[in-house]
Amino acid sequence: MDRSEMLRSLEGGSFDLIAIGGGASGLGVAVDAQTRGYRTLLLEQDDFAKGTSSRSTKLVHGGVRYLQQGNVGLVLEALRERGLLCRNAPHLVHPLAFIVPRYRWWEGPFYGVGLKLYDVLAQSLNLSPSRLLDYSETVERIPNLQKEALLGGVMYHDAQFDDARLAICLAQTAADHGATLLNYVRVTGLLKQAGLVRGVRAQDIETGADFEVRAKVIVNATGIFSDSVRRMDEESIEPVVAPSQGVHIVLDQSFLARDTAIMVPKTDDDRVLFVIPWHGRALVGTTDTEMERPELEPVPRREEIEFILRNAARYMERDPRPADILSVFAGQRPLVRMGGMQETKKISREHVVEISRTGLVSLMGGKWTTYRKMAEDAVDDAAQVGGLPTRTCVTKELRLHGWLAADDPALPAAGSMRMYGSDAGRVTAFLDSNPAHREKLHPKLPYLCGQLRWAVRFELARSLEDLLSRRTRSLVLDARATIEAAPRAAAILAEELGRDTKFAQAQLDAFLEVAGGYLPPAD
Ligand SMILES: Cc1cc2nc3c(=O)[nH]c(=O)nc-3n(C[C@H](O)[C@H](O)[C@H](O)COP(=O)(O)OP(=O)(O)OC[C@H]3O[C@@H](n4cnc5c(N)ncnc54)[C@H](O)[C@@H]3O)c2cc1C
């Protein structure tokens, strides 16, 4: 993928469909529409997955919690999508074992029955049957579990992924099929013709250039910012998105020790909490804080971090403290209020496709797990609105960029090469072409300097933050180490883009400002 080539394909081009927003929703729409044969353009104001889509709990899950709430339809759909995603992107999605610890006698039958229902709902796409564990097997799988009064656990399986990398993979998949995708292009207005939305006004954030592009239908997939695009369409429209903030902390893997996650079914505020092994760390979260306005770079609040530490400590023998936090990050859920005001933790995670009077299609709500089905629904509606020829969705069976069978020996077993899937051979050859490419970015980070160069050349990385936060996940894995590695990474970026030291310094300054928000609070 090359940004200048993508920009060139805009000239004089007219599109069938424009997706605004480069998160899970917009990228899903771009893949779906382009693979149906509709000429598709996606515009993202910042980087792909800069918004909510790089800040999730990294689970592809049916949602045990929604089962507790009795929302069987949502669970059924999500379990089906979980199975499809495991099949279509084995290099980025894999099954993960979870244990619900049992401290009271009734928790065995209670969670055991619930999780059996979860197995049944997954039908042929179930990953592995749930089962009761005794005390010793539970402790063997999670040595750091709080042992006082522990009876055992209930084990079940869901899937795990790398969210920002799946976003890049979707962008690559759409591009492989001929779509045009641009990061750092903001939509600033909608163009109308005979009262119908038929294009967008946009600005290239890198050059400041304004331009217009036309299409038969426009899909608003801007997550927590959906209301701002809906307002471009109709100024007085009622807002419907309720941003709800969720924070995660990242700890050393020793807080889990093995590859099994902990699922706490009931926190202080009636939510679930996960402690999950991820890229050699333990990811703990999350919270649910109603926010007044959407933020592209949300900042974790001290009380959210304290909430996570307090609830995690109830289930861990060695309690995590602020000084143990390697990184902390916040994301905002794009929840859609349907029929009145509700607490955000009670708002459904289902998605909504809204068609305005002028034909703007807004895809809102939902979750990463169901991005494919969300896109299918939105493109079905968009095709009708835009008068496009009817074509069936093909994404159920579509292998995503880099696909290799889970048991293919060419698929790297684990580590930072696995994310490339079938590209891993090419990446390895590139890394081997120069000893400097094989140098570690930082002793505490699992990435090599050459991987940054690869990301600039082939993965549309444009800024230092793209490299350190989303092409590699350095910032999320260890904020301090990443800040230390940043000057070196900035020099690599500038060299790859053919820019000078002034550019490198500006990138570094901008990155350090963002990275400060990922540092843990002082004790
Ligand atoms: C804390 C937390 C944990 C979660 N955990 C999970 C999980 O484990 N599993 C799961 O399935 N789901 C999870 N989710 C939900 C999931 O992450 C979101 O539903 C999903 O990422 C939303 O994607 P989106 O594309 O709708 O929004 P976003 O990813 O926010 O994308 C919208 C994009 O639109 C862009 N944009 C906005 N305005 C414009 C404009 N004018 N022009 C161009 N671009 C624009 C933004 O920059 C942004 O990149 C979680 C969410 C949160 C907050």
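The preceding data block contains the structure.
An account of the accompanying structure is given in this report. (Residues numbered from 1 in each chain as written. Predicted model: local features only at pLDDT ≥ 70, side-chain atom pairs only at ≥ 80, totals over all residues. Heavy atoms only, no water.)

Once that is clear, we can look at the overall build of the chain. Summing up its helical and strand segments, the chain has 16 helices and 18 strands in all. Compactness check: the chain gives a C-alpha radius of gyration of 22 Å against a globular reference of 24 Å for 523 residues, within 12% of the reference. On the principal axes, the C-alpha backbone points of the chain span a range of 70 × 55 × 45 Å. Evaluated residue by residue, the chain yields a buried proportion of 62% over its 523 residues. Of the contacts formed within the chain by residues at least 6 apart in sequence, a portion of 72% connects residues at least 24 apart. Carbon and sulfur atoms make up 52% of the accessible area of the chain, which amounts to about 20,500 Å² in all. (Helix = DSSP H or I, 4+ residues; strand = E, 2+ residues; numbered from the N terminus. Rg over C-alpha atoms; globule rule 2.2 N^0.38 Å. Buried < 20%, exposed > 50% of the residue type's maximum accessible area, 1.4 Å probe, protein only. Contact = heavy atoms within 4.5 Å. Areas by Shrake-Rupley, 256 points an atom, 1.4 Å probe, with all protein chains shown as cover.)

This part takes up the site of the ligand. Near the ligand lie 36 residues; those nearest to it are Ser25, Glu44, Ser53, Leu59 and Thr369. Contacts to the ligand include Ser53, whose side-chain N or O atom sits 2.5 Å from an oxygen atom. Between a nitrogen atom of the ligand and a main-chain N or O atom of Val187, the distance comes to 3.0 Å. Across the complex, the protein chains shield 97% of the 1,000 Å² of accessible surface that the ligand would expose by itself. For the shell around the ligand, the elements supplying multiple residues, two or more each, are helix H2 (24-35), strand E8 (185-193), strand E11 (241-252) and strand E16 (327-336). Its residues placed into classes, the shell around the ligand shows 10 nonpolar, 20 polar and 6 charged. (Near = heavy atom within 4 Å. Polar contact = N/O pair within 3.5 Å; in protein donor to acceptor, adjacent residues only side chain to side chain. Nonpolar A, V, L, I, M, F, W, Y, C, P; charged D, E, K, R; others polar.)

Moving on to the packing of aromatic side chains. In this structure the tally under the stated criterion is 9 aromatic pairs. Seen from their ring centres, Phe430 and Trp454 are 5.7 Å apart, and the 55° between their planes marks the pair as tilted. Highlighted residues: Phe430 in helix H11 (residues 424-432) and Trp454 in helix H12 (residues 449-458), separated in sequence by 24 residues. When its relative accessible area of 5% is taken as the criterion, Trp454 is described as buried. Grouping aromatic residues by their ring pairs yields a cluster made of Phe98, Tyr118, Tyr156 and Phe274. Taking NZ or CZ as reference, Arg39 lies 4.7 Å from the ring centre of Phe15, over its face. For the cation-ring pair, Arg399 lies above Trp403, with the distance from its terminal atom to the ring centre recorded as 3.7 Å. (Phe/Tyr/Trp six-rings, centres within 6.5 Å; stacked < 30°, edge-to-face > 60°. Lys NZ or Arg CZ within 6 Å of the ring centre and 35° of its normal.)

Turning our eyes to something else, we now look at H12. In terms of residue burial, H12 counts as a mostly covered element, since 8 of its 10 residues are buried. Among all positions of H12, only Cys449, Gly450, Gln451, Leu452, Arg453, Trp454, Ala455 and Val456 are buried. Where H12 is buried, its residues meet H11, helix H13 (464-471) and helix H15 (479-497). Following H12 by one or two positions, Leu460 adopts a phi angle in the positive range, close to 55°.

Its location among the elements puts Val353 in strand E17 (residues 351-355). Considered as a pair, Val353 and Pro389 are 36 residues apart in the sequence and their alpha carbons are 20 Å apart. Once residues within four sequence positions are removed from consideration, Val353 is found in contact with Val361, Ser362, Leu363, Asp377, Ala378 and Asp381.

A large share of E11 lies buried, amounting to 11 of its 12 residues. Two elements, E11 and E16, share 10 bridges in a ladder whose sense is antiparallel. Across the sheet, the residue bridging to Ile249 is Val328, located in E16. Strand direction decides the pairing type here: E11 and strand E15 (residues 289-290), joined by 2 bridges, are antiparallel. (Pairing = 2+ DSSP bridges.)

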